[in-house]
Amino acid sequence: MPYDTTYSGAQPPAGAPILALNGIEKVFPGVKALDGVNLSLYPGQVTALVGENGAGKSTIVKILTGIYQPDGGQILLNGAPIAFPTAQHAAAAGVTAIHQETVLFDELTVAENIFLGHAPRTRLGLLDWRAMRRDAQAILTSIGADIDPGVKLAELGIASKHLVAISRALSIDARVVVMDEPTAALSHKEIHELYELVEKLKAQGKAILFISHKFDEIFRIADRYTVFRDGQFVAEGRIDEVSEGDLVQMMVGRSVDQVFPQRTPTLGEEILTVAGYAHPTEFEDINFTLRRGEILGFYGLVGAGRSEFMQSLIGITRPSKGAVKIEGHVRIIRSPAEAIREGIVYVPEDRGKQGAITAMPIFQNVTLPSLAHTSRNGFLQLAEEFDLAREYTQRLDLRAASLDTPVGSLSGGNQQKVVIAKWLATKPRVIILDEPTKGIDIGSKAAVHEFMAELAAEGLAVIMVSSELPEILGMSDRVIVMREGRIVAEVSGDEMTPQTLVRHAAGIGQEDAA
Amino acid sequence: MIPFRLTREVLLAFALLVLLVLVATRFPGFVAPSNLAAVFNDTSALIILALGQFIVILTRCIDLSVAANLALTGMVCALLNTVAPDLPIVFTLGLALALGATLGAVNGFFVWKLDIPPIVVTLGTMVIFRGIIFLISDGQWVNAHEMSPRFTAFPRYEILGIPMLSWCAVLVIALVYVLVTRTSLGRSFFAVGGNPHAAVYTGIDVGRTQFLAFVISGTLAGLAGYLWVSRYAVAYVDIAGGFELDVVAACVIGGAAISGGAGSVFGIVLGALFLGVIKNALPVVDISPFWQLAISGSAIIIAVALNARSGRAKGRIILRKAEHAHEPV
Amino acid sequence: MSLSETALSPAATQRRDPRQIPDRLTTRGQRVLKSWEALLLLVGIAIFIANCFASPYFLSPWSLSDATFNFTEKAMIAFAMALLIISGEIDLSVAAIIALASTAMGAAATAGFGTPVLVGIGLGTGLLCGVFNGVLVTRLGLPSIVVTIGTMSLFRGLSYIVLGDGAYRGYPESFAFFGQGYVFWVVSFEFVLFAVLAVIFTVLLHKTNFGRAVFSIGNNATASLFSGVRVPRVKMMLFLLTGVMSGVAAICLTSRLGSTRPSIGLGMELEVVTMVVLGGVSILGGSGSIPGVVIAAFVLGLLTFGLGLLNVPGIVISIFTGALLIGVIALPRLIQKWRG
């Protein structure tokens, strides 16, 4: 049932917005990304923009910051119409953004990353490096970042880079600050510091647009909300007047409680045993076993070493020590090709870079790891390729115009289906899914969960790496928690509670004593 | 105090020094100041072209047409001189710069407006420019006796005992240095090559910046064109044939990353001098000049191998003990 | 219904009947008609017709046979180069490999070895050069464009060290067959070799697992590695292949000229790359075809030969090739721009 939009404008906002977008439209070839959306940002208030993937959040951010030009509608700055033909125009108007991925320059210094495009000049019109470094230091100090503005960005870690990105946003005397999923790559402590920063910016009277998928976060720091769905404006209002359930309902247009498939696991014999796996810098002392029909969850914070371990297991990197037994036999896996032959497959997290070859047709993507089986003496057999691709894409309920369509033209959820189909077509014994539902819509998410349950029921052993608690709790029979490259806990049954997992993952209660 | 670090430039300067010492043991006269000045003078054209190429490479492009641009501009200057021998040199210089810039702009246009890969564009314009030289010169040489004294005297005109050719190189080094370190255009070359995606978010027009890089490279090639023709007092279709590879070699040896966004003016100058010293030293230490090609080829391979070793991506550091290099207590 | 349709339907957790996805929406004929190769073929036919009008001598069998020598040697390298470029790499040292292989053969011939040994040396030198490039690129992870600019100087430099401004001339009589011999009537050995190699490379790239791996690596090397493609091994093979094909070209060219100078084949790498790109291979990797390269070889060969019949000097002909290279890539983009 479509959501009824009586929420819209239920509460007249206090004061006038600094920045208002009215009836914004943006059309890409074949897709109407934004269809007359409205967004208002008020001084000293945090507005949370919520919506599913594909709702148009990233597009509106790009319009706000001058990367894209709207095809219709109006941008009003303090009531006066304005246009942002380039990123520099948006910055000049006081709109600044901290983007989802850090868009910075590794080869340049921290100071220059902060000031590129609006650096202080000497009287001759040349760049004033001394002033740049001094001002950069001042901004970094103001947000409590202990970073030398003179070092190259490449020398910093991810969290520090993020602080540089924030400093860059602050270096512009901004009235509007856009934060596009700013906490995605941050640790608990850093997220906390970010919240403090947001409070500080609010106090300075800046208008903040906060985009996030995490509801706890939204309810913690936002004052207002705006909801988009499928490129359309759904509702806006004060955050203290809605519940989490209301927001979800507005986002998806129906009520959804995340339902995970009911399953009664029947565990078979041990299929995979990992003993003493270690890598010089990424992980060590990894021991566990996996049974047929089991779904084993790997939980941990981003950067806990889970993906790194999995990639080592399938031969992308070499372990420094440790052994793998498959059905009781010791196996040495030196490349993904060998892993596939041994029946262990890894569905990577980064769909665009590691999973799919987006420019190539669906059927060629599906058959790529199975070519040895579909071909004869090294010669391609197209008919067999189509058969295999058809079989597995149908099983995953793929939506596509034809099997000859490039994967890049599909939606995120359907791309993920192709990627899963591709590894499943190798008929593996163990399938490792790394963040299998990251960045896909709720419908596809449920389909993937359903499918995982099916696989386990068929006797496949499933490892699922996920940072999403509900998913880990809803799907796994047993959960291994990793922190800083080590296994810190293995929980199952009644022990599997959100509290236990989070405490183990974050190391709460273990480091306090030190 | 800037902490002393074994940067690429220091390493290269050291290699150059070792090379000079080695040559000096066989032939001490080589390191006499006057001879070193002569080596620098001989390397001037390479330095000028390499600095232009450096800017192009910074933006993730490559310009294979620089030598052909040099030859075409040189021929036009020479032909103009045969028609109007008394034209003041300022005009000739202005023509060389303008024509070079125009030819560079042609390359830049295709890269910017039509999004054609730079290697394809400049591969094409390289042969086209050479062909045009043949058309305008009818395949004939313009020899020394057809050039006016004024035309050929310019690169040899000495100020403080240093010929104008060297001064031109010094001026170009200074200008390019200021450009890439102290202007926003210069910094945007680094930004565009380092991370084009992020450059857009910073408000930099990537295509336009690449266009300007080609215009600069072309302008410098034009300047080098006049200097080359007037110095050697001859112009024909094939002058500086294959020189584009020396130019790229100087950049690679000098530490410019072919993937863009990294390198320094100082490094490029050293890279060019390194090749210049080898070229000039071979005859005096009694090694056949035919060795030169193989030596510079080896130098390129060694340089790029060293480049990659320093920039090799390591695994992520997740384990604490790896971070602190000892076991946690 | 749009492709980007994502399931927000109430049936999210229910199973639907499997949806029938057609294999292809276009027929083979449609794909061929819309292809780059078809466009290029039209250009080739136009040039052929223009040549017929340009010179009465053009249509004679011997004249046409002579025309093929303009492209056969380059095309042999271009086939291997096409695969290499599709995989995202490049080899600019091919002409230098010709020089080095030719020098090695010349030295052997001077030492009195017979034709079979010379052929072995030519192929072996090409193979070794390919190994050298391949190791630098795949084992040390260096960018191939720089590596091969370096080896381009190195290989030809070695040739210069050996020969200086001298030349080798003493090739055995039987060696002349490869570049000057005819299999029957006007059909030269080189042309037959070219045709056979064209078929072999077409099958290799378009009909085998190896060829599929080449395309997938060129489109996304990381995803290919994750999918079990042995990326370094495939790239290594491609460098070897390019080296060997340069060796083959060296045998033909040396045999045709009957002598070796260190400047042999100078600048040929650029003509080879031009042929490959003109043939529709994306210089950025990931797409292209051998039939395209074959047509491009004919187009360039006919153009050169036709202009030669009109007494246009070689250097001016290069203006046409250069313009053709940029023009065929620029035109479709220009048209797209004008259409908005």
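All residue numbers refer to positions counted from 1 along the written sequence of the respective chain. All chains are assigned letters beginning at A, and all ligands numbers beginning at 1, according to the order in which they are written. Where totals are concerned, whole chains, interfaces and linings use all residues; where local detail is concerned, this predicted model gives features only for residues with pLDDT of at least 70, and gives and counts side-chain atom pairs only at 80 or more. Hydrogen atoms and water are omitted, and side-chain values are computed over all heavy atoms in the structure.

Going by the annotation in an unreviewed UniProt entry, the name recorded for chain C is Autoinducer 2 import system permease protein LsrD, with Pseudooceanicola spongiae given as the source organism. UniProt positions are given in the numbering used here, feature names are shortened, and annotations may be inferred rather than shown by experiment. Here is the UniProt Subcellular location (unreviewed entry) comment for chain C, exactly as written: "Cell membrane".

As recorded by an unreviewed UniProt entry, chain A carries the name ATP-binding cassette domain-containing protein and is attributed to Pseudooceanicola spongiae. Within the UniProt record for chain A, the comment given under Subcellular location (unreviewed entry) is "Cell membrane".

Asks: What exactly am I supposed to notice about the sheet that holds strand β12 (residues 286–291) of chain A here?
Replies: Across a sheet, strands are paired by hydrogen bonds formed along the backbone, either parallel or antiparallel in direction. Residues and elements named next belong to chain A. For two strands to pair, DSSP has to find at least two bridges joining them. Secondary structure elements follow DSSP: runs of H or I no shorter than four residues count as helices, runs of E no shorter than two count as strands, and numbering proceeds from the N terminus. The strand order across the open sheet formed by four strands is β12-β11-β14-β15, and the pairing between neighbours is antiparallel. Each edge of the open sheet carries a strand with a single partner, namely β12 and β15 (329–331). With strand direction ignored, the average angle separating the axes of adjacent strands in the sheet is 20°. Note: strand β11 (residues 270–278) against β12, five bridges, orientation antiparallel. Residue pairing for β12: L272 is matched across the bridge by L290. In this fold helix α9 (residues 306–313) packs onto β11, β12 and β14 (321–326), with an angle of close to 110° to the strand it touches most, β11. Here the axes come from fitting lines to C-alpha atoms, over the contacting stretch only for helices, and the angles between their N-to-C directions go from 0 to 180 degrees. The criterion used for residue contact is that any of the two residues' heavy atoms lie within 4.5 Å.

Asks: Please explain empty space enclosed by the protein as it appears in this structure.
Replies: Think of a ball as big as a water molecule: rolled over the atoms, this probe shows where empty space is left. The rule is simple: put a 1 Å grid over the protein atoms alone, call a set of points where a 1.4 Å probe fits but cannot get out a cavity, call an open set with protein on both sides within 12 Å along at least five of seven lines a pocket, and count a residue as lining if it has an atom within 4 Å of a point. Grid points are joined across faces, edges and corners, and a volume is the space filled by probe spheres set on the points. If you walk through the whole model with that rule in mind, you get two cavities of 30 Å³ or more. The classification used treats Ala, Val, Leu, Ile, Met, Phe, Trp, Tyr, Cys and Pro as nonpolar, Asp, Glu, Lys and Arg as charged, and all other residues, Gly among them, as polar. When grouped by side-chain class, the residues that make up the lining of the second largest cavity number four nonpolar, three polar and no charged.

Asks: Please clarify how the interface of chain C and chain A should be interpreted in this entry.
Replies: How large an interface is tends to be reported as the accessible area lost when its parts come together. Across the boundary between the two partners, chain C contributes 38 residues, which contact 62 residues of chain A. Each polar contact in these results corresponds to two N or O atoms within 3.5 Å; when the atoms are within protein, one needs to be able to donate a hydrogen and the other to accept it, and residues that are neighboring in sequence are counted only if both atoms are side-chain atoms. Taken together, chain C and chain A are joined by nine residue pairs in polar contact (both at pLDDT 80 or more). Of all the elements in the fold, those that place two or more residues in the side of chain C that touches chain A are α9 (189–207), α10 (209–219) and α11 (221–226) of chain C. Each residue belonging to the side of chain C that touches chain A can be placed in one class, and the counts come to 14 nonpolar, 14 polar and ten charged.

Asks: Looking at this model, I keep getting lost on the UniProt feature "transmembrane region" (unreviewed entry) in chain C. Mind explaining?
Replies: Residue and element names in this part refer to chain C. When the UniProt feature table is mapped to this numbering, "transmembrane region" (unreviewed entry) covers residues 38–59, 79–101, 113–136, 142–163, 175–204, 236–258 and 315–335. The span residues 113–136 is 92% helix and 0% strand, and its two end C-alpha atoms sit 32 Å from each other. Strand forms 0% of residues 142–163 and helix 91%; the C-alpha atoms that close the span are 30 Å apart.

Asks: Hey, could you run me through a nonpolar patch on the surface in this one?
Replies: All names here are of chain C. Patches in this entry comprise residues that are over 30% relatively accessible and not in a salt bridge; like charges within 9 Å are linked, as are nonpolar side chains (Val, Leu, Ile, Met, Phe, Trp, Tyr) within 5 Å. Per-residue and other accessible areas follow the Shrake-Rupley method at a 1.4 Å probe size, with only the shown protein chains counted as cover for residues. Whenever Lys or Arg places a side-chain nitrogen within 4 Å of a carboxyl oxygen from Asp or Glu, that contact is recorded as a salt bridge. On the surface, L41, L42, I45, F48, I49, F53 and L59 cluster together to form a nonpolar patch covering roughly 720 Å² of accessible area. Here I49 shows up in helix α2 (residues 36–54). Think of it in three bands: residues with accessible area under 20% of the maximum for their type are buried, residues over 50% are exposed, and the middle band is partly exposed, with areas taken using a 1.4 Å probe on protein chains only. The exposure class assigned to I49 is partly exposed, which follows from its relative accessible area of 43%.

Asks: Before we go on, may I ask you to explain the environment of A199 of chain B in this structure?
Replies: Residue and element names in this part refer to chain B. You can see A199 is positioned in helix α9 (residues 196–201). Residue classification places A199 among the buried residues on the basis of a relative accessible area of 0%. For the pair A199 and F151, spaced 48 residues apart in sequence, the C-alpha separation works out to 44 Å.

Asks: How should the interface of chain B and chain C be read in this particular structure?
Replies: In this complex, chain B contributes 38 residues to the contact, which on the side of chain C involves 42 residues. Summed over both partners, buried area is the accessible surface (1.4 Å probe) that two parts give up on being assembled. On the chain B side of the contact with chain C, L114, F290 and I301 of chain B bury the most area, a combined 18% of that side's loss. Residue assignment for the side of chain B that touches chain C shows that the elements contributing at least two residues are α4 (89–113), α5 (118–137), α11 (243–253) and α13 (292–311) of chain B. Counted by class, the side of chain B that touches chain C contains 28 nonpolar, six polar and four charged residues.

Asks: Can you help me understand the side chain of S255 of chain C in this one?
Replies: Residues and elements named next belong to chain C. As for its placement among the helices and strands, S255 is situated in helix α12 (residues 231–257). Among the polar contacts listed, one links the side chain of S255 to the backbone nitrogen of F178, at a separation of 3.5 Å. Setting aside residues up to four positions removed in sequence, S255 forms contacts with F175, A176, F177, F178, G179 and Q180.

Asks: Would you mind showing me how to read the domain arrangement of chain A here?
Replies: All names here are of chain A. Parsing chain A into structural domains produces domain 1 (1–94 + 174–257), domain 2 (101–172), domain 3 (259–343 + 428–514) and domain 4 (355–426). In this assembly, eleven residues from domain 1 lie in contact with ten residues from domain 2. With both sides pooled, the region where domain 1 packs onto domain 2 buries about 850 Å², and carbon together with sulfur makes up 69% of that total. Summed over the shared surface of domain 1 and domain 2, the result is zero salt bridges. Run the count over domain 1 and domain 2 and you get three residue pairs in polar contact (both at pLDDT 80 or more). Elements represented by at least two residues in the side of domain 1 that touches domain 2 include exactly α2 (87–92) and α6 (188–203). With five residues, α6 is the single largest residue contributor to the side of domain 1 that touches domain 2. For the side of domain 1 that touches domain 2, the class distribution of residues is eight nonpolar, one polar and two charged. Residue ranges labeled as domains rest on an automatic or database domain assignment.

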